Amino acid sequence: MPVRWFSEARPYEIRWHGRGGQGAVTAAKTLAQAAHLNGYRGATASPSFGAERRGAPVSASTRISPEPILVVSQIEAPDVVVVLDQTLLRDSDVISGLRNGGWLVVNSAQTPGQLGIEGEFNVATADATGICRELGLIVSGLIVVNTAMLGAIARVSELVELASIDEVIRNRFSNRSAELNLAAVEKTYRTTVIERRP
Amino acid sequence: MIDGNRAAALGAKLSRVQVVAAYPITPQTPVTEALSEFVERGELQAQYVNVESEHSALAVCSSASLVGARTFTATSSHGLAYMHEMLHWVAGTRLPVVLACVNRAIGAPWNVLNDQQDSMSQRDTGWIQMYARNNQEILDLVIQAYSIAEKACLPVMVCYDGYVLSHTEMPVGVPSQDAVDRFLPPYKPHTILDPGSPRNYNLVTLANPRVNAEGVLCHGYMEIRYLLQEAMEKSKETIADVGREFSDLFGRSYVKLLWEDRMQDAEIAIVAMGSLAMEATVAADALRRDGLRVGVIGLRVFRPFPGRDVAGALGRCRLVVVFDKSISYGNEGATCTEIKAALYGSGANTAVHNFIVGLGGRDVKARELADAVKKTLSLVEGGALNNESAEWICEI
C-alpha cells in the first residue's frame, strides 16, 4: 500500500541527474517499478530524450500517482531532484523548478549544510559512493551508485517502501549482485543525512 | 512496467508472427532487438530476416506475405520514407502486413525526436493508420491490427510517439498467449504464390478491363484501385467489429475508431492523436476546474477516417480546437482538414481552430494546450477568430 497520502491531483515527480553510464535511467525505472509494486496504479519512467554519451550530464524522470498517469510532457516542477554526481550541482539547471518544500537529494560525503545550496526546499545527502566502494559495488572500474540512491529517496519521500525496492532489485539482478545492491540500498537508507528547511 | 517499444514487440510475438524483417533506426531500434532475441531464444517461432535497408525490409515482408506468412516490420522517420515505394506495393497487392511506426521527425535538419510528420506523409499509400495513446494501446493495437488486416486484406500501420511512448515505461497488462490465440486464429492467406501452381502477380495492368490468356475478363488498373478504396471504406466496420471483440475478451474498450473523454456535456472539444490526446485530457481537467465544459477526442484511427463518428461527437460543440504534430505545408495540420471536412454538411455550426505543436520533439505541456484553448475561446467570443491558417506554438 502507498505510504504517502496524495493531497493534490497530480503525480509526484522525481527528476534524476547523473552522468552517462551512472545508471540514472535504470534508477528511474527501478523506482517506478517499485512504486507500481507498492500499489500505485500510476508509475512512469523515462530517460531524457535523444542521444546520450558516457560521462556527459544526463537526466531521467519518474512519476508516481495513485491514479493512472496521463501526463507525458517533461517534468517542470519536480518534488524531488536526485543528483548522482555532486559536481553537477555547479550547473544551476539541475535544481531548476524544484518545488518549495520538495527535496534535493545528493550523492555526497558532505552534510546538507556543507553543500551550500540556497533554496526553499529540503536537502538530504547520502554517501552512496563511499558505501558502494566499501561494498565493492564496482562494474568496469565504475562505482555503481544508482540503486544505492533509491535508499535515500525512500527515506526522504516516504513514498515507496524498502521492501518493494528490494523486490524489484531481486527480480532485476542475479543473486550475488542483488545482495550487494540490497545492502547498499539499506545502508544508504539508514545513513542519509536530512536537513529540513521550514 | 514496459516501454512502448517492448509493448510493440510483445504484441507481434503474441500474434505469432512468422517472418520479421526490419532495419534498426532511432527510436525504433529496441523493437528489432527484442524480436531478434525472442527468435534467438526460441520463444517466437519465426524467421528473422536481416536486411540492408527499410525498402528491403518491406520487400521481404511483402514476399513472405505472398507465400502465406504472417509478417511484421517496424521503422521510424527516414526509414518509413525509404519504404514509401513498397508501402504502395504492399497495399496495392492487398497484403495484411503490419508495421509499427515509431513516430519521429523527418530531416532536414536532422532530428531524432518525436512528431508525426513521418506517418502523416504516408497518408495516401492505402494503409490503415492507427495511433496509440499509451503503451497498453500499442500492444493491444498490434494484436488487433492482424485481425483487421487479415479480414480487410489491407496492411495496417500502428503508430506511436517516439521517446514519449517508445522509451517511457508504464504499467501494461500483457494478455496470455492462450487468450490471444483465441482472439487471433492462424493466418489464412487469400492468395499463395506456389511453385506447384505457378501464377503471375502484379502484372502490367492497363487502364481498361481486359480478357486474360485464360479467357477471363480481368479488372483494369482503375477497377483495382476502386476495390482498394472500397476495402478501405468497408474496413471502418471491420475495425469497429474487431475492437468490440477485443473489448469483450480483454476488458479494454476499443468499440469506436476514436475515443471520447467527457464529450457528453462538452461545449468545447480538443482533438488530437496519440500521446498528445492523452496529455490533452489533463488540459481538459484544468479547463473544467475553470468552469469550461471541455471534452477530448483522441483519433485512434486516421485512415480510414471516421468522419461520421467525428461529426456525431463534435456536432454539439461551439468550438473545436485541433492540435497537430505535423503540418501539410501550404495548408494546415492534416487532422484539422479532416475534422473540417467531417463537419461540412453535418449541419453543425462549429468554430474550428488549428494549432501546430510538438514538432521535432518540442515539449507540449497540458498547461500550453489549456492556454491555447482559452486564447481561442476569447477570440471566438470576440468574433475575431481567424480560421484561415493554423497557429504555431513556437517562438516565431
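Residues numbered from 1 in each chain as written. Chains lettered and ligands numbered in written order. Predicted model: local features only at pLDDT ≥ 70, side-chain atom pairs only at ≥ 80, totals over all residues. Heavy atoms only, no water.

Chemist: How should the interface of chain A and chain B be read in this particular structure?
Modeler: Accessible area lost during the coming together of the parts is what is often quoted as the interface size. Between chain A and chain B, the contact holds 19 residues from the first and 20 residues from the second. Taken together, both faces of the contact between chain A and chain B bury some 1,700 Å²; the carbon and sulfur share is 60%. The largest per-residue losses of area from chain A upon contact with chain B belong to Phe 49, Leu 70 and Val 72 of chain A, which jointly make up 32% of the total buried on that side. Counting every contact that joins chain A to chain B gives two salt bridges. Put simply, Lys 29 of chain A and Glu 169 of chain B hold a salt bridge, and the shortest N to O gap is 3.9 Å. Our count for the chain A to chain B interface comes out at seven residue pairs in polar contact (both at pLDDT 80 or more). (Contact = heavy atoms within 4.5 Å. Buried area = accessible area lost by both parts, 1.4 Å probe. Salt bridge = Lys/Arg side-chain N within 4 Å of Asp/Glu carboxyl O. Polar contact = N/O pair within 3.5 Å; in protein donor to acceptor, adjacent residues only side chain to side chain.)

Chemist: How do you make sense of helix H11 (residues 307-314) of chain B when you look at a structure like this?
Modeler: Among all positions in H11 of chain B, only Gly 307, Val 310, Ala 311, Ala 313 and Leu 314 of chain B are buried. The arc enclosing the buried residues of H11 of chain B, seen along the axis, measures out at 170°, which places them on a common side. (Buried < 20%, exposed > 50% of the residue type's maximum accessible area, 1.4 Å probe, protein only. Helix = DSSP H or I, 4+ residues; strand = E, 2+ residues; numbered from the N terminus. Arc of directions from axis to C-beta.)

Chemist: Before we go on, may I ask you to explain the sheet that holds strand S11 (residues 294-299) of chain B in this structure?
Modeler: Think of a sheet as strands paired side by side through backbone hydrogen bonds, with each pair either parallel or antiparallel. Residues and elements named next belong to chain B. Spatially, six strands are ordered S9-S11-S10-S13-S14-S15 in an open sheet, and the strand pairing comes out mixed. Either end of the sheet is taken by a strand with one partner, and the two such strands are strand S9 (258-261) and strand S15 (391-392). Summarising the sheet, strand S10 (residues 268-273) and strand S13 (residues 319-324) pair through four bridges and their orientation is parallel. By the bridge assignment for S13, Ile 270 is matched with Val 321. Contacts from helix H12 (residues 334-343) reach S10, S11, S13 and strand S14 (351-356) within the one sheet, and its direction differs from that of S13 by about 150°. (Pairing = 2+ DSSP bridges. Axes fitted to C-alpha atoms, helices over the stretch in contact; angles between N-to-C directions.)

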